[in-house]
Each structure stands twice: as structure tokens, then as C-alpha cells.
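Coordinates in review
So you can see what is in the structure, the chains are spelled out below.
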Amino acid sequence: MLCEAEDLLKKAVTLADTVDILIIGGGIVGLTTALSLRQAGLGVTLLERGRCGREASWAGAGIIAPPDPTREDPLFHIHTASIERYPALCAELQELSGVDTEYAPCGAVDLLTTEQARLTAERNVEAAADQRTPAGEPILEMVSAERALSLEPKLAGDAPAYQLCRRTAVARNPRLLEALRLSCEKVGVVIREGTAVVAFLMAGDRLTGVRTTDGDHHANHTVLCAGAWSSQWAPPALAEMMPVHPVKGQIVLVRTDKAPISRVINMEGAYLVPRRDGHVLIGSTVEPEAGFDKRNTPKGVNTLITHALRMVPCLADAPIETMWAGLRPNSPDGQPFLGPVPGFDGLLAATAHFRSGLTTAPMTAEIIRDLVLTGDCAFDILWCKPGRSFGCQVHADAQ
Ligand SMILES: Cc1cc2nc3c(=O)[nH]c(=O)nc-3n(C[C@H](O)[C@H](O)[C@H](O)COP(=O)(O)OP(=O)(O)OC[C@H]3O[C@@H](n4cnc5c(N)ncnc54)[C@H](O)[C@@H]3O)c2cc1C
């Protein structure tokens, strides 16, 4: 009799504690998704094992880059819609949180040092020929060395060809993450930091909640946004369906009185990003073989600095302020995992955004919100389906 009463009591407590949404992971994807779902009127609890916005989303360079215009998959549209959403998102976050994300539609100059790079750039210019800025200028354009130097006088100026991209923007991602966290709290998202998810709670095929280092949490829907760790503690069936692995990226930060560049500069996979206060980010390496090791290495740092000085030689005298590395979450085919997870009713995935998670988070959040609210969304997300087969390797944009 006593046991029965205890069981009933337990059940009642569990039901009362059930929230609409649990979000696992407080990076850019988890925070934008939490904000979007809460603004739609749902009760949202976000579980973060450390502190919000301190992993890949903090470590990234903050480039909001347009997708490769020759892409034909549906992610092209998600990516494009996401960069278009950024100015309004940053303005809204500033209003909610008081934090300036330093969003700036600064553009980018690509230094094309090989024949192959020039041919690719020309093909991209052609593919984007009908895309214009609000002022009517082409978003991509091949420019002469003279024009490149008139835009960015501190460039070395010895590249054989140059491309100007007018659609690239930047945001100072640590500030963006802080603005997101504060905005989430302001609208009523419950954020539990220092709470690591260690297991799923299942009732048959239904995910009813999660077990954490801080007790059990129950929800009608759970969204998995745990970045590079998304398949680390998950049940084997889930890890097999959506294998996520880390891809380390190192960055070096130098300080100048006034940044010698005003746009993002790209060359041979390396880039320079100016910050408003004179800092210049030098990024980034791509090291899938490093696993979960986040330490800087002489080889990585040397590569970055060598490229930086070839792009903008006057950086040679800029003091190195700090350096770091982060872990990009990636999938076997380079596409994210987005949407319902087969065999785990109530679970949605929003992870493995690899090199463009900062760029594509706003639209990821809207897709997850629409899936929760209506079971459908405005984009074809079949390509990102958890449980898809990984027959072909497709490319990934950006940083
Ligand atoms: C060097 C570098 C440069 C980059 N530059 C750019 C760029 O310029 N532009 C761009 O668009 N993208 C860039 N990226 C990629 C981008 O940073 C990532 O795609 C994006 O941050 C991924 O966001 P996320 O929220 O999925 O992951 P994360 O930011 O890693 O967040 C995942 C969170 O989940 C938490 N977590 C993990 N396991 C658990 C658990 N068991 N329980 C609770 N919480 C858990 C983690 O602590 C973490 O806070 C860059 C990445 C790197 C490393």
C-alpha cells in the first residue's frame, strides 16, 4: 500500500516537473533554439554541463559567410536565409540584453594565389551573377590588385588575383553568446549550468527526459545541441545513426592600435578577422586527427602566423595577445543533423554544423521551433536527416 502511494506520488511529481522542451547544450545552436522556442510561448529548460557559450561557439572566428553559390543542396537556402536573419537577430539581442554583438557587414577580400583558386572564384562570380546587395552591387566580384589595395592598403599586394565578397559579415561571437544567454534568461528560459546529461530516459520508443549529474529532467520534446560531444554519451543506436566527431581549429589573436584591415581577408584556407578594438584574429587550422585535444601546437600556430604575414606583412610587429583552439562538431558527410531522430520519439537533433554553426544557427533555431510547433518546416531537411546513409562526401563552406 505504502509502495503504491510512493509510486503515485513519484508519478505526480514527474508529471508536474515535465517541461515542454529540454535543450541539451548551451552553445550558439542550443541558445538560439531555446530563445526561439521560448518566444513561441513554450516552457524551455536548457542543460549545459559547463558554462554556456564556452566551447566551439566561443572559439569560432565569428564570420557570417555566405554559402558557396554553386551549391545545389537545400542547405544553401537554409544558409542564405540565416545570414539574412543576422542583422535583425543582433538588433533584437541588443535590445533584450543590452550587449552589442559588434555585428558588421564588412565584406571580405580573397587573395587568389593559385590558378585553381582563381578558376573557382570566377565560377562562383558567375553563379552569383544575379545576387545583389541592397545598393544593387554584385555580391561577388573579381577585382584588380589596384582596387584590392585601394580597399585594403595594408595587403601585401602580390597575389595574382583578387575577389571581393560584399555579403560577408562578422559578429564578435563571445559577445553574441553573452547576448544570447542574457536574452534567454530575460524571456524566461531556465538555464542550468554545471548540469551534464549522462543518459536518456526512455519509455519504449519515447524519450521522456534525461538523467543528469543534477537529477532527472522530463520533457515533451528534447533537442540535442551538444556540439562535438553529441554522440559521446548517447545510446549506441543513436551514436550509430548520428556519429558526430570533433574537428579542432586553432586561432591566434594579435593586438594592434587600429586594425590594419577593415574586411575579412582570406587566403589558402587561412583568414584574418578585424575587431573593432584593434584586435585581429588569425584563423584557423582544420585538424580532425586531433580528437578532443584542444591545445595549441607550434605547427598549427606557425602555419597561421606564416599565412597572416603573407596576407598583411605589418602584422609581424603586432603583439600576440592569446591563442586558443575549439572543436567543430562534424558528421561523416559534412552536413548537420537536423530534425526528428528515428526510434527516439520526442527527440530532435540540431548538431554537427561543422564550419558554419555560427552562421546557420538562427535558421536552425527557426526550423526546430517550427518542427516542434507544427511537425513541419519551410525547408527541405531530408539531407540533414539523422539516420541517413553516408554514401557521398559533400562539401562544407566557410571557417
Ligand atoms: C576555430 C574555429 C573557427 C570557427 N569559425 C567559424 C566562423 O567564423 N563562422 C561560423 O559560422 N562558424 C565557425 N566555426 C564553427 C562554429 O563555431 C560551430 O559550428 C558552432 O559553434 C557549433 O555550435 P554548437 O552549439 O553546436 O556547439 P558548441 O558551441 O560546442 O556547444 C555545445 C555545448 O554543449 C555542451 N555539452 C556537451 N555535452 C553535454 C552534456 N552531456 N550535457 C550538457 N551539455 C553538454 C558543451 O559544454 C557546449 O557548451 C568555427 C569553429 C572553430 C573551432
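Residues numbered from 1 in each chain as written. Predicted model: local features only at pLDDT ≥ 70, side-chain atom pairs only at ≥ 80, totals over all residues. Heavy atoms only, no water.

1. Observations regarding the side chain of Q250
Inclusion rule: Numbered from the N terminus, helices here are DSSP runs of H or I no shorter than four residues, and strands are runs of E no shorter than two. In this scheme, a residue with accessible area under 20% of its type's maximum is buried, one over 50% is exposed, and one in between is partly exposed, where area comes from a 1.4 Å probe on protein chains only. Polar contact criterion, stated in full: a pair of N or O atoms within 3.5 Å, where within protein one must be able to donate a hydrogen and the other to accept it, and residues adjacent in sequence count only if both atoms are side-chain atoms.
Of note, Q250 is situated in strand β12 (residues 245–255). Residue classification places Q250 among the buried positions, given a relative accessible area of 0%. At 3.0 Å, the side chain of Q250 and the side chain of T297 are in polar contact.

2. Points about unusual backbone geometry
Even without glycine at this site, E102 takes up a positive phi of about 60°. Looking at the secondary structure, you find E102 in the loop between α4 (75–97) and β4 (108–112). Here A352, not a glycine, exhibits a phi torsion of approximately 65°, which is positive. As for its position among the elements, A352 is in the loop between β18 (347–351) and α10 (357–374).

3. With respect to the packing of α4 against helix α7 (residues 173–187)
Using the following cut-off: Axes here refer to lines fitted to C-alpha atoms; in helices the fit is confined to the stretch in contact. Angles between the N-to-C directions go from 0 to 180 degrees. By definition in this entry, angles of less than 35 degrees are roughly parallel, angles greater than 145 are roughly antiparallel, angles of 65 to 115 are roughly perpendicular, and the rest are oblique. Left-handed describes a crossing whose near helix is turned anticlockwise from the far helix by less than a right angle; the clockwise case is right-handed. Any pair of residues with heavy atoms lying within 4.5 Å of one another is described as a contacting pair. Polarity classes work like this: nonpolar for Ala, Val, Leu, Ile, Met, Phe, Trp, Tyr, Cys and Pro, charged for Asp, Glu, Lys and Arg, and polar for all others, with Gly in that last group.
Where α4 meets α7, the axes come as close as 9 Å, and the angle between the chain directions of the two elements is 60°. Considering the angle they form, α4 stands oblique to α7. α7 is crossed by α4, and the crossing has left-handed handedness. Along its contact with α4, which presents Y86, C90, L93, L96 and S97, the element α7 presents L176, A179, L180, L182, S183, K186 and V187. Considered class by class, the residues forming the contact of α4 with α7 number nine nonpolar, two polar and one charged.

4. Focus: the packing of aromatic side chains
Our working definition: When the centres of two rings from Phe, Tyr and Trp lie within 6.5 Å, Trp using its six-membered ring, the rings pair. Their planes under 30 degrees apart give stacked, over 60 give edge-to-face, and anything left gives tilted. As a reminder, the over-ring test applies to NZ of lysine and CZ of arginine, requiring each to be within 6 Å of the ring centre and within 35 degrees of the ring normal.
Within the structure shown, the criterion is met by six aromatic pairs. Ring centres 6.1 Å apart and planes at 80° place the aromatic pair F337 and F390 in the edge-to-face group. Of this pair, F337 sits in strand β17 (residues 337–340) while F390 is found in the segment after α10, placing the two residues 53 residues apart along the sequence. An aromatic cluster is defined as three or more aromatic residues linked by ring pairs; in this entry it consists of F200, W233 and F344. The positively charged end of R49 is found above the aromatic ring belonging to W229, 4.3 Å away from the centroid.

Note that all results are geometric; they support no functional claim without further evidence.
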